[in-house]
Amino acid sequence: MRSDGTAVHAEELLIDVAVESWRLSRTFQRSLDFRNEKAAGRQSSQISYFQRKLADTLSLLGLRLVDLDGQPYDVGMAATALNAADFDADDVLYVDQMMEPIVMGPNGVRRTGTMMLRK
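Residues numbered from 1 in each chain as written. Predicted model: local features only at pLDDT ≥ 70, side-chain atom pairs only at ≥ 80, totals over all residues. Heavy atoms only, no water.

1. Let's talk about the overall build of the protein
Thinking step 1. Helix and strand counts for the protein stand at 2 helices and 6 strands.
Thinking step 2. Start at the N end of the protein and walk to the C end: the helices and strands fall as α-α-β-β-β-β-β-β.
Thinking step 3. With respect to the principal axes defined by its C-alpha atoms, the protein has extents near 45 × 45 × 30 Å.
Thinking step 4. Residue pairs at least 24 apart in sequence account for 64% of intrachain contacts in the protein once pairs closer than 6 positions are excluded.
Thinking step 5. For the protein, the accessible surface area stands at approximately 8000 Å², while carbon and sulfur atoms represent 52% of it.
Thinking step 6. A gap of 9 Å separates the mean positions of the 14 positive and 17 negative side-chain charges of the protein. (Helix = DSSP H or I, 4+ residues; strand = E, 2+ residues; numbered from the N terminus. Contact = heavy atoms within 4.5 Å. Areas by Shrake-Rupley, 256 points an atom, 1.4 Å probe, with all protein chains shown as cover. Lys, Arg positive; Asp, Glu negative; His and termini not counted. Charge placed at Lys NZ, Arg CZ, Asp CG, Glu CD.)

2. Digging into the packing of helix H1 (residues 10-30) against helix H2 (residues 37-60)
Relative placement of two packed helices is described by the angle separating their axes and the distance separating the axes.
Thinking step 1. Where H1 contacts H2, the two axes come as close as 10 Å, and the packing angle between them is 165°. Taken together, H1 and H2 sit at an angle that is classed as roughly antiparallel. Considering only the axes of H1 and H2, their crossing is left-handed. Of the residues in H2, those in contact with Leu14, Ala18, Ser21, Trp22, Ser25, Phe28 and Gln29 of H1 are Gln43, Ile47, Phe50, Gln51, Leu54 and Leu58.
Thinking step 2. Split into classes, the residues belonging to the contact of H1 with H2 amount to 8 nonpolar, 5 polar and no charged. (Axes fitted to C-alpha atoms, helices over the stretch in contact; angles between N-to-C directions. Parallel < 35°, antiparallel > 145°, perpendicular 65-115°, else oblique. Left-handed = near helix turned anticlockwise from the far one by under 90°. Nonpolar A, V, L, I, M, F, W, Y, C, P; charged D, E, K, R; others polar.)

3. Section: the sheet that holds strand E5 (residues 108-111)
Thinking step 1. If you walk across this open sheet you meet the 3 strands as E1-E4-E5, and the pairing is antiparallel. Two strands close off the open sheet at either side, each with one partner strand: strand E1 (64-66) and E5. The mean inter-strand angle of the sheet, taken between neighbouring strand axes irrespective of direction, is 45°.
Thinking step 2. Of the strand pairs in this sheet, E1 and strand E4 (residues 102-105) are connected by 3 bridges, and their pairing is antiparallel. Paired with Val66 across the two strands is Ile102, which belongs to E4.
Thinking step 3. Sheet contacts for H1: E1, E4 and E5; angle to E5, the most-contacted strand, approximately 80°. (Pairing = 2+ DSSP bridges.)

4. Observations concerning H1
Because an α-helix packs 3.6 residues into every turn, residues spaced three or four apart end up facing the same way.
Thinking step 1. Given a rise of 1.5 Å per residue, 21 residues ought to cover 30 Å, and the 30 Å separating the end C-alpha atoms of H1 matches this to within 8%.
Thinking step 2. For H1, the full list of buried residues reads Ile15, Ala18, Val19, Ser21, Trp22, Ser25 and Arg26. Seen along its axis, H1 keeps its buried residues to an arc of 160°; they face one direction. For H1, the exposed residues lying more than 90 degrees away from the buried face are Ala10, Val17, Leu24 and Thr27.
Thinking step 3. On the buried face of H1, the contacting elements are H2, E1, strand E3 (94-100), E4 and E5. (Expected span 1.5 Å × (residues − 1). Buried < 20%, exposed > 50% of the residue type's maximum accessible area, 1.4 Å probe, protein only. Arc of directions from axis to C-beta.)

5. Focus: the sheet that holds strand E6 (residues 113-118)
Thinking step 1. Pairing is mixed in the open sheet, where 3 strands are placed in the order E2-E6-E3. Two strands bound the open sheet, and with one partner strand each, they are strand E2 (79-81) and E3. Taken pair by pair, the neighbouring strands of this sheet meet at an average axis angle of 35°, ignoring direction.
Thinking step 2. Where E2 lies against E6, 3 bridges are found, and the strand directions are parallel. By the bridge assignment for E6, Ala81 is matched with Met115.

Put into structure tokens, the structure is as follows:
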């Protein structure tokens, strides 16, 4: 129980942690300095391991994170396009970057994602 009297749902808390972990791992991956190939390779492997462990843990609960980076944009995607107003209706668009992944559960979408679009 929270201090405001509402119930704490373990699955929602796990989803919160998973989404933040996904964001942190992506930020870390983008910050790798490939001028030192050996260190960057080791750090990249650690991130890959962490992401696999995260996916394996979520799958035990029937959850998975969906990243749509680079996919053709469709208005039916379970993610909010933060910059959709910047484009014309007839523009061919792609997902430039997921800001938050879509969280899928055994019965469908558990949490929608957010994304940035590009032409």
